[in-house]
Amino acid sequence: MDFADFADRAAAVEAESADLEVTSLVADLFVDSGIDLPVVARLLLGRVVPAWDSTTLDVGPSLCHEALARAAGPNVIADDVADRLAEAGEIGAVAESLDLDGQQGLATFGAADPEPLTVAEVDTRLRDLAAAAGAGSHDHKVDVLFGLFNRADSLSARYLARLVLSEMRVGVGEGIVRDAIAEAFDVPVAAVERALQVENDCGAVAVRARDKGTDGLNAAALVVGRPVSAMLAQAGTAVDALDAWASVAVETKFDGARVQVHHDPAGDTRVFSRNLEDVTDALPEIVEFVAGIDVPVILDGEALAVDDAGDPLPFQEVLRRFRRKHDVARMREEVTIEFRAFDCLHVDGTDLLDAPLLDRRERLTDVLSPVVDRRATDAARGAALSPFAVVDGADAIAAHEADALDAGHEGIMLKDPDSAYTPGKRGQNWLKRKPDVETLDLVVTGAEWGEGRRANHLGTFLLSARAEDGFVTIGKVATGITDERLADLTDRLEPLIRGREGTEVDVEPRVVLEVGYEEIQASPTYGSGYALRFPRFVAVREDKTPNEADSLARVERLVDG
Ligand SMILES: Nc1ncnc2c1ncn2[C@@H]1O[C@H](COP(=O)(O)OP(=O)(O)OP(=O)(O)O)[C@@H](O)[C@H]1O
């Protein structure tokens, strides 16, 4: 296909505003693209390489302006292009207005009527440009772009300029490409969607749909070494999770950087970031860690910075290591990275995307067992497998959250144990537990002695709101309190104990706690007639007396919204 034809069709798509019409135009273009189908599908999305390939053209505005100016002839310089851009607001309009079309410039010497620029040639030249790096690459890139602009008619120049600056903007997103592939080749949208998730290359998927139909799409498989988009989470509450699913998988939420690890024992190990960039060289610990896995695997997890005791360090510490290209060995001395795996997408020739989370977790545990066991002998290193439990009640979720927070982590993730792994989707199946929006300042009127490790401390605190004549109970908090804080609270409350029954004590109202919660619901359990759902300790309000604690009236106002 001539690039001028592609540009004409892209302009027609750009001029159309109705999604259904756009989809039909794109579908027609796909049908007419013939051998150029994969390139056309990618170019429409402004891509030269497949989405799984993080190679960039690395062309900045000034380089593009230089090439455009050169193609526009001796009277135009890069600054003129920049001036026009300031006026026009987008590079496509500027390129279109420059009247390039091969009248000027060296490339036309000796060739009065140069071959028309084709889609395939643009693709080849831009890939060549992307591969250029290092000394001399700037001049080479300008030469390549000049050669292309010099042969471009005005519409072609519009799309070429936008393409090289990653500003394609024809109004076609991934959803339209998906629907257009389905329409063009009469295959189900869901099959296209799944193949796109797995293959991460709209060009290859379009060709599959055209040449092999639905069966071909269904046969799309993961390749170890080629990254897929990460499944993402939505913010949600424990109440949301318990309402939506029969049981809830609770995991620690690590405050690190997402990594996808592709390991082939017979070949290579590659580590990819969330935007599919290859970060292998920056994270040798992860490569070393998975080296003991003896089957090909794709693992999903978090790169976490830890201190000498294996406790988590803040996210900023991970960033000091994450994309580092130089001094990796030296920085490794300063910041230690550990891998926390929480999902498994592929094991030894079998894709697990469609398997339920519980099954994927089992496979993950299996494949990691040789390496986790090896590390377990070194107590300081901590486990590489993230904590995981399937629970069906609020208390169990709260307990896991307390453990995660106690261990210095960010919080918890709540996942549907039956859900598939959907790459690139921010669905309802993974919830990151929302921080509390409102807090209440409540008075401690009772407490319970802890159990096991915490038997010497008061562990659960009965909370009350201020009422007309005294205090009325509204809930208990045990979550989010560190061991150190528990010891401190025990010291403060022990002298205030007025009576006891079993492990429960009644205390004089003196201490005010700030408490977060997810919801307030009517409940006969407590004296106030309300109960806090998911109460979480936030702080001790040293500055408040019980008389300044929140009142039942405020609670009622919050309930009424
Ligand atoms: N157990 C876990 N399961 C899934 N993701 C986890 C887990 N632990 C940590 N994470 C991280 O949490 C991220 C999702 O949380 P969060 O939304 O806070 O991340 P973000 O990058 O700040 O925002 P967003 O994903 O919403 O753009 C994941 O991408 C992953 O990096």
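Residues numbered from 1 in each chain as written. Predicted model: local features only at pLDDT ≥ 70, side-chain atom pairs only at ≥ 80, totals over all residues. Heavy atoms only, no water.

Q: How should I be thinking about the overall build of the protein in this particular structure?
A: Looking only at helices and strands, the protein has 20 helices and 19 strands in total. Dimensions of the protein, computed from C-alpha atoms along their principal axes, come out at roughly 105 × 55 × 50 Å. Expressed as a percentage of its 561 residues, the buried residues of the protein come to 50%. Taking contacts inside the protein between residues at least 6 apart in sequence as the whole, the part at least 24 apart equals 71%. For the protein, the exposed surface amounts to about 25000 Å²; the carbon and sulfur share of it is 47%. In the protein, 57 positive and 103 negative side-chain charges are present, and the distance between their average locations comes to 3 Å. (Helix = DSSP H or I, 4+ residues; strand = E, 2+ residues; numbered from the N terminus. Buried < 20%, exposed > 50% of the residue type's maximum accessible area, 1.4 Å probe, protein only. Contact = heavy atoms within 4.5 Å. Areas by Shrake-Rupley, 256 points an atom, 1.4 Å probe, with all protein chains shown as cover. Lys, Arg positive; Asp, Glu negative; His and termini not counted. Charge placed at Lys NZ, Arg CZ, Asp CG, Glu CD.)

Q: What exactly am I supposed to notice about the sheet that holds strand β7 (residues 350-351) here?
A: Strand pairing in a sheet takes place through backbone hydrogen bonds and is either antiparallel or parallel in direction. Strand order across the open sheet formed by 5 strands is β4-β3-β5-β6-β7, with antiparallel pairing between neighbours. Taken across any chain shown, the strands that pair with only one partner, and hence form the sheet edges, are β4 (269-272) and β7. Two elements, strand β3 (residues 257-263) and β4, share 4 bridges in a ladder whose sense is antiparallel. Paired with V261 across the strands is V271, a residue of β4. (Pairing = 2+ DSSP bridges.)

Q: Looking at this model, I keep getting lost on helix α11 (residues 189-199). Mind explaining?
A: Working note: α-helix, 3.6 residues per turn, so residues spaced by three or four point in the same direction. The buried fraction of α11 is high, at 8 of 11 residues. Residues of α11 that are buried include every one of A191, V192, E193, A195, L196, Q197, V198 and E199, and no others. Contacts from the buried residues of α11 go to α10 (174-185) and α12 (202-218). Just beyond α11, the residue with positive phi is N200, at close to 60°.

Q: Which parts of the structure should I look at to understand the sheet that holds strand β8 (residues 388-391)?
A: One open sheet holds the 5 strands; their spatial order is β1-β10-β9-β2-β8, and the pairing between them is mixed. Edge positions in the sheet fall to β1 (232-236) and β8, since each of these pairs with one other strand and no more. Going from strand to strand, the sheet's axes swing by 35° on average, the running direction of each strand aside. In terms of strand pairing, strand β9 (residues 411-415) meets strand β10 (residues 426-433) through 3 bridges, oriented antiparallel. Looking at the pairing, L414 lines up with L431 of β10. Strands β2 (248-253), β8, β9 and β10 of the sheet are contacted by helix α18 (residues 394-406), whose axis makes an angle of about 140° with β9. (Axes fitted to C-alpha atoms, helices over the stretch in contact; angles between N-to-C directions.)

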